Amino acid sequence: MDKYYDIVVVGGGPGGISCAYFAARAGLKVLLMEKHPRFGEPVCCAEGLSCSGLESVIPVKKSWINSNIEGAILVSPAGRQIIVHHPKAGYILDRPLFESDLAEMAEYYGAVVLTDARAESLIGSPDDGYKGISCVINKQSIEFFGEIIIGADGVESQVAQWAGWDTTLSLDDCDAGAQYLMDNVQLEYPEYAKFYVGYEIAPGGYAWVFPKGEGKANVGVGVAARYLREKSVQQYLDDFLANNMPRARILKKMGGVIPLTRRINPLVKKNIMLVGDAGHLTDPISGAGIANALLSGKLAAQKCIKYLRNEHRGYAALAEYENEWDKLKKRQHQIYLTAQKLYVTISDQDLEVLIEFINENMGDRTFKGIDVAKVLKSIIFHHPRLLVKAVEFLPQIFRR
Ligand SMILES: Cc1cc2nc3c(=O)[nH]c(=O)nc-3n(C[C@H](O)[C@H](O)[C@H](O)COP(=O)(O)OP(=O)(O)OC[C@H]3O[C@@H](n4cnc5c(N)ncnc54)[C@H](O)[C@@H]3O)c2cc1C
């Protein structure tokens, strides 16, 4: 196997595979390494994303989709249910199928794709630059060299840590998530994603039911880490199930950490770039990270192509990735983060008021598209107490 590549991508989640695919398609020599035996497994995700989040990055294949989402149902702490219709709102993916297919597409364009390959360390030093990755395959240590290294190894990115980034997440910067894949789930609206909020159910977060078709669903709970003192996140999920869907059957259990914070700064150091969760690029209001991982992988690949095609190579071409990301996402991210900081502090009474506001403005109506940032801004501006609190958060969110 060849040892020298243009790009070595560590981590075969949506971010890494997207980067490998777009770079290989442009003719770059790419190595993608994933520590698990199969892409997309184990699934640590509810697999939901907006149609636009997927379609804006790559043409969608039907086989990737378990179900189409046509709207959302919100359940308030007191059990009040409101429904918002939004045809073609989103997809629930089959992540193992989606990711293995995308990895195969990268392979088709010439990427070398390795599974059961765990990156162990960076080769090189911060001063002279990093030259490659040492990884373990079949208990043997093997070195691969690359002009550019992509850290796409998830929220606890080791690539980032090896290269000296501080990736620590404080209790205020993340949710803990627990989820079961379930069957025998009775759904009144099988094409709607359902969200439950309230302190008893998921303090600082929410519970979700994402239908996967044929009576199956991803059912989970995300709880702000700062509230996990008396009960574990799994206990929150078990209590939620006992109260809301006692007949459903657990097929698989999973869980993980969801970063809800500002992105890692910088996203690029010399020839090392961070994409997806490794760069903490999740949407801080929902915790969704698939679409941002796919997009960041694509943007990073585009900058690698530009850098490698330039005779007079300078790392500034790679650093453009960060500017590009901020151009597309910074403003939205700041609004979402402000809303998220408010959300974790508000009482169930406030939640009832907010849900009433959403009901008055959106309940039982059909939308072609929803500008979430606009909705959040309008909620904050219509509630003076939230506005006052928001102003307190602004300096920390808008600094930089
Ligand atoms: C409970 C839960 C539910 C979620 N639900 C949703 C949802 O519905 N929608 C949504 O958009 N987002 C959701 N998310 C977030 C979403 O899963 C992530 O944002 C997304 O997977 C990020 O993609 P990524 O490629 O950056 O990282 P990951 O998907 O984490 O991929 C990183 C990959 O790197 C590999 N890796 C790690 N270390 C090494 C190493 N040393 N060597 C080789 N490989 C390595 C890992 O095995 C993994 O495959 C959820 C998260 C959780 C925890």
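Higher on the page you've got the structure.
So, here's what we can say about the structure. Note that the coordinates shown come from a computational prediction; the quantities given were computed from them, not determined experimentally.

## Points about the packing of helix 1 (residues 14–25) against helix 6 (residues 290–309)
Item 1. Contact geometry of helix 1 with helix 6 gives a least axis separation of 7 Å together with a crossing angle of 35 degrees. The element helix 1 and its partner helix 6 pack so that their crossing is right-handed. Here helix 1 contributes Pro14, Gly15, Gly16, Ser18, Cys19, Phe22 and Ala23 to the contact with helix 6, which in turn contributes Ile290, Ala293, Leu294, Ser296, Gly297, Lys298, Ala300, Ala301, Gln302, Cys304 and Ile305.
Item 2. By residue class, the composition of the contact of helix 1 with helix 6 is 11 nonpolar, six polar and one charged.

## Considerations on helix 1
Item 1. Helix length check: helix 1, at 12 residues, gives a terminal C-alpha distance of 16 Å against a target of 16 Å (1.5 Å per residue), a fit within 8%.
Item 2. In terms of burial, helix 1 is a largely internal element, 11 of the 12 residues being buried.
Item 3. Among all positions of helix 1, only Pro14, Gly15, Gly16, Ile17, Ser18, Cys19, Ala20, Tyr21, Phe22, Ala23 and Ala24 are buried.
Item 4. Lining the buried residues of helix 1 we find strand 1 (4–10), strand 2 (30–33), helix 3 (95–108), strand 9 (140–151) and helix 6.
Item 5. Phi turns positive, to about 95 degrees, at Gly27, one or two residues after helix 1.

## A short note on the sheet that holds strand 14 (residues 249–259)
Item 1. Reading across the sheet, the eight strands line up as 3-5-4-11-12-13-10-14 and stay open at both edges, with mixed pairing between neighbours. A single partner strand is all that each edge strand has here, and the edge strands are strand 3 (48–50) and strand 14. Mean inter-strand twist for the sheet, computed between neighbouring axes without regard to direction, equals 30 degrees.
Item 2. Here strand 11 (residues 193–196) runs beside strand 12 (residues 206–213); their pairing, made up of three bridges, is antiparallel. By the bridge assignment, Lys194 is partnered in strand 12 with Val209.

## With respect to the pairing of strand 13 (residues 216–224)
Item 1. Most of strand 13 is tucked away: nine of the nine residues are buried.
Item 2. Of the two faces of strand 13, the one carrying Lys216, Asn218, Gly220, Gly222 and Ala224 and the one carrying Ala217, Val219, Val221 and Val223 are both buried.
Item 3. As paired strands, strand 12 and strand 13 are joined by seven bridges and run antiparallel to one another. By the bridge assignment for strand 13, Val209 is matched with Val219.
Item 4. Counting the residues that bridge the hairpin from strand 12 to strand 13 gives two residues, and of these Glu214 lies at a positive phi of roughly 55 degrees.

## A closer look at the site of the ligand
Item 1. Neighbouring the ligand are 39 residues; Gly11, Gly13, Gly177, Gly276 and Gly289 lie closest to it.
Item 2. Sorting the residues of the shell around the ligand by element identifies helix 1, strand 3, strand 7 (117–125), strand 10 (174–183), strand 14 and helix 6 as the ones contributing at least two each.
Item 3. Across the shell around the ligand, the residue classes break down as 15 nonpolar, 18 polar and six charged.

## With respect to helix 3
Item 1. For helix 3, which comprises 14 residues, the first-to-last C-alpha distance of 19 Å matches the rise-based estimate of 20 Å (1.5 Å per residue) to within 8%.
Item 2. Listed as buried for helix 3 are Arg95, Phe98, Glu99, Leu102, Ala103 and Ala106. Buried positions in helix 3, seen along its axis, are confined to an arc of 125 degrees and lie on one side of it.
Item 3. At its buried positions, helix 3 is contacted by helix 1, strand 2, strand 5 (81–93) and strand 6 (112–114).

## A word on the environment of Thr338
Item 1. Along the polypeptide, Thr338 turns up in helix 7 (residues 316–343).
Item 2. Placed 102 residues apart in sequence, Thr338 and Tyr236 show a C-alpha to C-alpha distance of 25 Å.

## Describing the nonpolar core
Item 1. One finds Val9, Ala20, Val30, Leu32, Ala106, Ile150 and Met273 to be the most contacted residues of the largest nonpolar core, which totals 107 residues.
Item 2. When residues in this core are grouped by element, the largest group, 10 residues, is from helix 6.
Item 3. Beyond its immediate stretch of four places on either side in the chain, Met273 contacts Ile148, Ile150, Gly151, Leu267, Val268, Ala300, Leu318 and Tyr321.
Item 4. Core analysis: the next-biggest nonpolar cluster, separate from the first, contains nine residues, Tyr336, Leu337, Leu342 and Leu376 among them.

## Notes on the packing of helix 6 against helix 7
Item 1. Remark: helix 6 packs on helix 7, axes separated minimally by 8 Å, with the N-to-C direction vectors making an angle of 150 degrees. Between helix 6 and helix 7, the angle falls in the class roughly antiparallel. Handedness of the crossing formed by helix 6 with helix 7: right-handed. Contacts between helix 6 and helix 7 involve Ser296, Leu299, Ala300, Lys303, Lys306 and Tyr307 on the former and, on the latter, Ala317, Leu318, Glu320, Tyr321, Glu324 and Trp325.
Item 2. A per-class count over the contact of helix 6 with helix 7 returns seven nonpolar, one polar and four charged.

## What to know about unusual backbone geometry
Item 1. Omega for the bond connecting Glu41 with Pro42 falls within 30 degrees of zero, at -5 degrees, which places this linkage in the cis form.
Item 2. By the element assignment, Pro42 lies in the loop between strand 2 and strand 3.
Item 3. At the junction of Asn265 and Pro266, the peptide bond is cis and its omega measures out at -5 degrees in the coordinates.
Item 4. Looking at the element boundaries, Pro266 is found in the loop between strand 14 and strand 15 (268–269).
Item 5. Of note, the phi angle at Glu214 is positive, near 55 degrees, even though the residue is not glycine.
Item 6. On the basis of neighbour count, Glu214 is assigned to the exposed category, with 11 C-beta atoms found within 10 Å.
Item 7. Phi at Asp364 takes a positive value of approximately 60 degrees, unusual for a residue other than glycine.
Item 8. Its place among the elements puts Asp364 in the loop between helix 8 (348–362) and helix 9 (372–381).

The rules behind each value
Residues numbered from 1 in each chain as written. Predicted model: local features only at pLDDT ≥ 70, side-chain atom pairs only at ≥ 80, totals over all residues. Axes fitted to C-alpha atoms, helices over the stretch in contact; angles between N-to-C directions. Helix = DSSP H or I, 4+ residues; strand = E, 2+ residues; numbered from the N terminus. Left-handed = near helix turned anticlockwise from the far one by under 90°. Contact = placed C-beta atoms within 7 Å. Nonpolar A, V, L, I, M, F, W, Y, C, P; charged D, E, K, R; others polar. Expected span 1.5 Å × (residues − 1). Buried ≥ 20, exposed ≤ 12 C-beta atoms within 10 Å, placed from the backbone. Pairing = 2+ DSSP bridges. Near = placed C-beta within 6 Å. Arc of directions from axis to C-beta. Core = buried A, V, L, I, M, F, W, Y, C linked by C-beta atoms within 7 Å. Parallel < 35°, antiparallel > 145°, perpendicular 65-115°, else oblique.

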